[in-house]
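Understanding the architecture of this molecule
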Amino acid sequence: MRYFIISLALSPYLAFSEGIISGNIIDKTNQLPLEGSNISLVGTDLGVISDKDGNFSISELENGYYSISISYIGYETRVISDIWVRDKAYEFLKVELNRTAINYEGVIVTQSYFSKSNLDQYNTVNFNNDEIRRAPGAGQEISRILNALPSVASVGENRQDMLVRGGGPTENGFVIDNIYIPSISHFNNPDGRSNGPIGLINTEMVDNIEFFSNGFPAEYGNKLSSYGNISYRDGKKDSPAANISIGMGGAGGLLEGSVADDITFIGSYRRSYLDIISDAINAGGGLPSYGDFQGKLKYNPSHYDAYTILFINGNSLYEREKSESQSVGENTYGSFKNNQNTLGFAHRHIWNENAYSNTSFSISGQDAIATFYENQSDTISFRTNDQYKTLNTRQLNHIRFNDLAGGVFGFEIKNRNLDYDFLLNAVESKSNVSITNLSSFFTMQSILMNKALISIGCRANWNSYEKDISIAPRINIDLSLNKFWGNLIFNSGRYFQNPPEKYLSVVNHNDLKSVNTFQHSLTYEKLITRSTKFSISIYEKHYSNAPMMEGNQMFTDPTFLLDELRTYKNIISNGKAKTNGIEILLEKKRAINFYGLIGGSIYNSVYNDQQGVERSRNNNYGYLLNLVGGYRPNPKWEISLRWSLFGGRPYTKVDLESSNYANEEVLFYSQFNESKTPIYHNLFLRYERRLSMKYGNIITYFEFWNAYNRRNIETYFWSRDKQDILDTTYFSFIPVGGIEIEF
């Protein structure tokens with residue numbers, strides 16, 4: 001390819017008055033810079049070569065959206081699309097190239113908008129900063145973006161919960177820049193679910209998220225269903241930059257820059273006004289408010305070392321006045337208050353061209369305070385005044401043996417100290433629970449028979465309550481088919497997770513066990529064009545040792561407790577469940593002006609109750625479908641939509657006559673989860689416009705949530721005041737607008 005060489009190096013203090021594309025290119029295996037990489041502007045003859053530090057810059061570009069192709073001898077060519085070039089701002093691209101380990105016999109390799117490593121073949125879905133920002137109906141929230149995937153079931157717009165392949169809301173884990181984060185949600189409830197539409201993570205800070213739902217490698221553990229690897233952006237080096245924004249229920253600002261040649265910072269603050277608009281949007285009937293601050297400081301003294309300090313702080317309040325509760329027929333009133341923070345330190349060290357390490361240490365705290373009262377008597381219905389502290393250390397070592405084989409090994413130490421003071425479901429506890437988890441892991445990756453990429457790993461776990469070692473083996477095989485036939489991917493593994501800690505504070509015996517799942521899947525994946533990928537997966541997941549209420553003659557709650565952490569003293573680890581299903585995903589990256597996603601699944605998620613009867617789990621919708629699409633005719637504006645559909649949510653009918661007689665809700669427990677709410681469907685529309693001004697750039701957007709005002713029902717409940725059965729609904733029609741100013 002013929003290149004016009006525009007620039008050979010990116011000065012660390014580059015001044016710019018026109019649009020530019022700049023970034024840094026490194027080897028994904030060893031994190032070292034790739035000097036001499038070819039970077040070309042797709043659709044033109046313009047191109048540059050990276051300098052000795054891996055930096056590049058393409059300047060004097062007109063405002064608009066561009067795609068670049070990055071190639072280097074011996075490495076896979078990567079295409080990056082949706083790069084927004086505008087005055088007085090630019091995105092600094094951090095690009096990792098994978099080595100081309102071998103040219104597979106009979107396999108035709110083309111440039112692709114989808115990145116996949118030869119030595120890290122676990123199926124993941126990736127979203128970059130621009131894809132997160134523009135996603136219709138997501139409100140720039142990570143959980144709602146991931147809910148568009150066929151493996152992730154939504155619980156509606158009112159909550160942040162993610163239900164992956166039939167799992168519960170507490171079965172998903174996250175790290176940010178290799179630093180463990182206990183929760184990414186505001187508005188946490190005592191039963192493990194969230195109770196608000198806003199998450200803790202400010203997506204303006206996010207560079208990329210890599211989401212594992214089809215199994216995850218051994219370096220991640222103590223979760224059963226999924227893991228998210230979030231990367232925060234580094235602050236800009238050349239000059240300070242900032243933005244202010246106001247959007248879905250909140251306003252905030254972001255500031256980034258450098259304090260020295262090799263030290264950058266980025267930080268943000270957000271504050272809500274959800275309490276003002278709560279009634280208008282039917283946001284669960286409460287007065288939700290939140291605030292958060294997060295910042296990242298990074299020190300890069302050389303190519304071989306990088307030090308990161310990460311701080312995340314958030315607080316949230318859900319408050320329900322008595323008069324408001326009574327007006328909609330609810331039985332209780334009160335408030336939930338959460339304060340949470342994480343302080344993390346990370347160090348990446350490159351040992352040589354074949355090995356590097358990532359080490360992190362984090363301290364997290366959370367105060368969970370709630371008091372709710374009965375409407376009729378003003379007596380306490382439930383209360384919590386809990387404090388949680390988490391210490392976590394992660395150490396990962398990446399090593400390459402040769403062009404065909406490599407590996408990852410390391411350890412993780414986690415200590416959770418929980419001071420409980422609660423009254424939940426007539427169970428009172430004032431106790432301290434301390435749990436330590438020790439884990440070591442390894443993953444070996446290699447190429448077999450010129451066809452298959454195989455990854456074999458294992459994680460050994462020990463905890464302080466069982467004092468036993470559990471072994472979690474994992475395997476992933478990616479088989480390349482001949483010519484244009486695509487890939488077959490087989491994945492299988494075992495995963496362990498601590499039982500909910502609050503159960504350890506109330507059970508009368510100390511024999512609760514770690515919950516574990518064994519899951520396997522077979523996926524067919526085909527690159528239709530370089531910007532379009534199709535995949536279909538079949539999977540099965542089995543649970544064992546899940547917490548359940550022990551059966552007795554007086555009362556037995558058949559709830560599968562991983563779905564909703566109800567509190568009882570007589571809990572045992574004998575629950576069994578299974579989920580099987582089929583998923584289809586068609587992704588279209590924006591190559592020119594159109595992008596889209598079609599994701600759907602059919603699944604069945606069931607468990608055995610205390611009598612051995614097979615019942616639906618709380619979120620066994622049966623099927624899911626999401627259609628997402630966007631069109632950008634020119635760089636100034638864009639329209640997009642998302643239509644979501646899922647089957648009815650299982651619920652248990654209320655015995656109205658018995659409830660009125662007993663003056664408390666009575667369910668037909670013999671028919672537990674045998675009924676279903678009406679089918680859910682919802683349309684989200686979005687319009688976005690961008691303007692370049694002398695002082696900076698303005699991004700405005702306008703959305704219609706639930707555009708045709710569908711009345712979607714979440715569940716039913718018995719009202720003491722109304723002496724009748726009422727329903728709880730998701731958001732009604734709501735117009736959402738926002739503006740962001742960059743300068």
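Our subject is the structure that appears above.
Note that the structure is predicted; figures quoted are calculated from it, not measured.

Looking at where Lys526 falls in the secondary structure, it is placed in strand S29 (residues 515–529). Distance from Lys526 to Phe484, taken between C-alpha atoms, is 8.0 Å for residues 42 residues apart in sequence. With near-sequence residues (within four places) excluded, Lys526 lies in contact with Phe484, Trp485, Gly486, Thr532, Lys533 and Phe534.

Here the focus is the pattern of salt bridges. Going through the model one piece at a time under the given rule, you end up with 32 salt bridges. A salt bridge links Asp292 to Arg270; the nearest nitrogen and oxygen atoms lie 2.7 Å apart. Here the residue Asp292 occupies a position in strand S19 (residues 287–302), and Arg270 occupies one in strand S18 (residues 263–272), the gap between them amounting to 22 residues. Here the two residues Asp292 and Arg270 agree in accessibility, since each one is buried. A salt bridge links Glu688 to Arg686, with the nearest nitrogen and oxygen atoms 2.5 Å apart. This pair shows no difference in class: Glu688 is buried, exactly as Arg686 is.

The next point concerns the sheet that holds strand S15 (residues 226–232). Here 5 strands make up an open sheet; going across it, the order is S9-S14-S15-S12-S13 and the pairing mixed. Here the strands that pair on one side only, and so sit at the sheet edges, are strand S9 (124–128) and strand S13 (179–181). Going across the sheet, the axis of each strand differs from the next one's by a mean of 20°, ignoring polarity. Alignment of strand S12 (residues 172–176) against S13, held across 3 bridges, turns out to be antiparallel. Residue pairing in the sheet places Ile176 in a bridge with Ile179 of S13.

Glancing now at unusual backbone geometry. One non-glycine residue, Asn222, adopts positive backbone phi at about 60°. Positionally, Asn222 belongs in the loop between strand S14 (206–212) and S15. In the Ramachandran plot, Ala426 falls in the positive-phi region, its phi being about 65° despite a non-glycine side chain. Positionally, Ala426 belongs in the loop between strand S24 (405–424) and strand S25 (427–448).

For the rest of this paragraph, the subject is the packing of aromatic side chains. How two aromatic rings sit relative to each other is set out by the distance from centre to centre and by the angle between their planes. All told, the structure shown has 28 aromatic pairs when counted by the stated rule. Here Tyr621 and Phe646 contribute two aromatic rings whose centre-to-centre distance is 4.5 Å and whose plane-to-plane angle is 45°, an arrangement assigned as tilted. Of the two residues, Tyr621 sits in the loop between strand S33 (614–616) and strand S34 (623–634) while Phe646 sits in strand S35 (residues 637–646), which places them 25 residues apart along the sequence. The pair formed by Tyr621 and Phe646 is uniform in burial state, with each residue classed as buried. On the numbers, 5.7 Å between centres and 85° between planes, the contact of Phe684 with Trp705 is edge-to-face. Remark: Trp705 occurs in strand S39 (residues 697–705) and Phe684 occurs in strand S38 (residues 680–692); sequence separation between them is 21 residues. Accessibility assignment for this pair places Phe684 and Trp705 in one class, buried. Three or more aromatic residues joined by ring pairs make a cluster, and in this case those are Phe212, Phe216, Tyr220, Tyr227 and Tyr495.

A few words now on the sheet that holds strand S5 (residues 55–61). Spatial strand order, S5-S2-S8: 3 strands in an open sheet with mixed pairing. Strand pairing shows two members of the sheet lacking a second neighbour, S5 and strand S8 (92–97), which therefore form its edges. The average undirected angle you get between the axes of adjacent strands in this sheet is 25°. As paired elements, strand S2 (residues 19–27) and S5 share 5 bridges and run antiparallel to each other. From the neighbouring strand, Ser22 faces S5, where its bridge partner is Ser57.

Further remarks concern the pairing of strand S16 (residues 241–247). Across 7 bridges, the pairing between S16 and strand S17 (residues 250–260) is antiparallel. Bridge pairing links Ile246 to Ala251 in S17. Judged from the 4 bridges that link them, S16 and strand S42 (residues 734–742) form a sheet pairing that is antiparallel. Bridging across to S42, Ser245 finds its partner in Glu740.

The rules behind these values
Residues numbered from 1 in each chain as written. Predicted model: local features only at pLDDT ≥ 70, side-chain atom pairs only at ≥ 80, totals over all residues. Heavy atoms only, no water. Helix = DSSP H or I, 4+ residues; strand = E, 2+ residues; numbered from the N terminus. Contact = heavy atoms within 4.5 Å. Salt bridge = Lys/Arg side-chain N within 4 Å of Asp/Glu carboxyl O. Buried < 20%, exposed > 50% of the residue type's maximum accessible area, 1.4 Å probe, protein only. Pairing = 2+ DSSP bridges. Axes fitted to C-alpha atoms, helices over the stretch in contact; angles between N-to-C directions. Phe/Tyr/Trp six-rings, centres within 6.5 Å; stacked < 30°, edge-to-face > 60°.

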